[in-house]
Amino acid sequence: NAGVTQTPKFQVLKTGQSMTLQCAQDMNHEYMSWYRQDPGMGLRLIHYSVGAGITDQGEVPNGYNVSRSTTEDFPLRLLSAAPSQTSVYFCASRPGQLGYTFGSGTRLTVV
Amino acid sequence: DQQVKQNSPSLSVQEGRISILNCDYTNSMFDYFLWYKKYPAEGPTFLISISSIKDKNEDGRFTVFLNKSAKHLSLHIVPSQPGDSAVYFCAASTSGTYKYIFGTGTRLKVLA
């Protein structure tokens, strides 16, 4: 049982480039979310999903897109990377109103 | 607007003593609260939770207290161990909104 798998673990992008952060879970959890962690800011919610085909915005959605075509996968897309998007990104999933299981994170640097 | 606040960025405690981590919230609609622990280069791991219908929940060395009138919760770790050294995040949610809002975290250091 792998839990929540995030790829890649590290990424360096140039300003204006696009990329997709991958997230997959094998626990058949309904709810999935993307958070970013920045120094002094804690974990901030970017986008979340309550099931396949259903997504919604969190606290800091600008510059990011998501889709949820299957229960297992919840990719996060950066359409045009900016230095302000340098951060550590965490994907998480949970079954109903219980605690999230987090992935190990993707450290993204935009130069 | 920070709805969930952890005003102490760091805390140091001697091994064997009690660690108390605090969290305040502003949204009175929050009715479910959680604590997470995070080690460097790892994702946060779920520690303990409490519903607003309770004022206390225990799990081994960890106890969470909720004071709804003060919009305050705290995590007590007794006794503290060096392995407890990590960043602790509190989180809150409202039934039906599906969103968990996290605080900024408190770095706990347990001294041997």
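Residues numbered from 1 in each chain as written. Chains lettered and ligands numbered in written order. Predicted model: local features only at pLDDT ≥ 70, side-chain atom pairs only at ≥ 80, totals over all residues. Heavy atoms only, no water.

**A word on the overall build of chain B**
Counting its regular elements, chain B contains zero helices and eleven strands. Taken from the N to the C terminus, the helices and strands of chain B come in the order β-β-β-β-β-β-β-β-β-β-β. Computed over the C-alpha atoms, the radius of gyration of chain B is 13 Å, within 12% of the 13 Å expected from 2.2 N^0.38 for a compact globule of 112 residues. If one aligns the C-alpha atoms of chain B with their principal axes, the spans along those axes are about 40 × 30 × 20 Å. Counting over 112 residues, chain B shows a buried share of 46%. Taking the intrachain contacts of chain B between residues at least 6 apart in sequence as the baseline, contacts between residues at least 24 apart amount to 54%. For chain B, the accessible surface area stands at approximately 5,400 Å², while carbon and sulfur atoms represent 49% of it. Looking at charge distribution, chain B has the averaged site of its 12 positive side-chain charges lying 3 Å from that of its 9 negative ones. (Helix = DSSP H or I, 4+ residues; strand = E, 2+ residues; numbered from the N terminus. Rg over C-alpha atoms; globule rule 2.2 N^0.38 Å. Buried < 20%, exposed > 50% of the residue type's maximum accessible area, 1.4 Å probe, protein only. Contact = heavy atoms within 4.5 Å. Areas by Shrake-Rupley, 256 points an atom, 1.4 Å probe, with all protein chains shown as cover. Lys, Arg positive; Asp, Glu negative; His and termini not counted. Charge placed at Lys NZ, Arg CZ, Asp CG, Glu CD.)

**Some details on the interface of chain A and chain B**
Contact residues are listed per partner, giving 21 residues for chain A and 21 residues for chain B. Regarding the contact of chain A and chain B, the summed buried area is about 1,700 Å², with carbon and sulfur atoms giving 60% of it. For the pair chain A and chain B, the interface holds zero salt bridges. The interface formed by chain A and chain B contains three residue pairs in polar contact (both at pLDDT 80 or more). Listing elements by their share of the side of chain A that touches chain B, those giving two or more residues are β4 (31-38), β5 (42-51) and β9 (87-94) of chain A. Residues of the side of chain A that touches chain B, tallied by class, amount to eleven nonpolar, eight polar and two charged. (Buried area = accessible area lost by both parts, 1.4 Å probe. Salt bridge = Lys/Arg side-chain N within 4 Å of Asp/Glu carboxyl O. Polar contact = N/O pair within 3.5 Å; in protein donor to acceptor, adjacent residues only side chain to side chain. Nonpolar A, V, L, I, M, F, W, Y, C, P; charged D, E, K, R; others polar.)

**A short note on the pairing of strand β5 (residues 45-51) of chain B**
Residue and element names in this part refer to chain B. Bridge count between strand β4 (residues 32-38) and β5: six bridges; the pairing is antiparallel. Bridge pairing in β5 places K37 opposite T45. Between β4 and β5, which pair antiparallel one after the other, the connecting turn spans six residues, and A41 there sits at a positive phi close to 65°. (Pairing = 2+ DSSP bridges.)

**With respect to the nonpolar core**
Generally speaking, a soluble globular protein has its nonpolar side chains buried in company with each other. Ranked by size, the top nonpolar core spans 24 residues in total, and within it F33, W35, L73, L75 and Y88 of chain B carry the most contacts. Going through the elements one at a time, β3 (19-25), β4, β5, β7 (62-67), β8 (72-77), β9 (86-93) and β11 (106-111) of chain B are the ones with two or more residues in this core. Counting residues per element, this core draws most heavily on β9 of chain B, at four residues. Counting residues in each nonpolar core, the second largest holds 19 residues, with F90 and A92 of chain A together with Y32 and F89 of chain B among its members. (Core = buried A, V, L, I, M, F, W, Y, C linked by side-chain atoms within 4.5 Å.)

**What about the state of the cysteines?**
Residue and element names in this part refer to chain B. Here the structure, examined in full by the defined rule, presents two disulfides over all chains. Disulfide partner of C23: C90, at an S-S distance of 1.9 Å. Torsion about the S-S bond of the C23 and C90 cystine: about 65°, corresponding to right-handed handedness. Highlighted residues: C23 in strand β3 and C90 in strand β9, separated in sequence by 67 residues. (Disulfide = S-S within 2.5 Å.)

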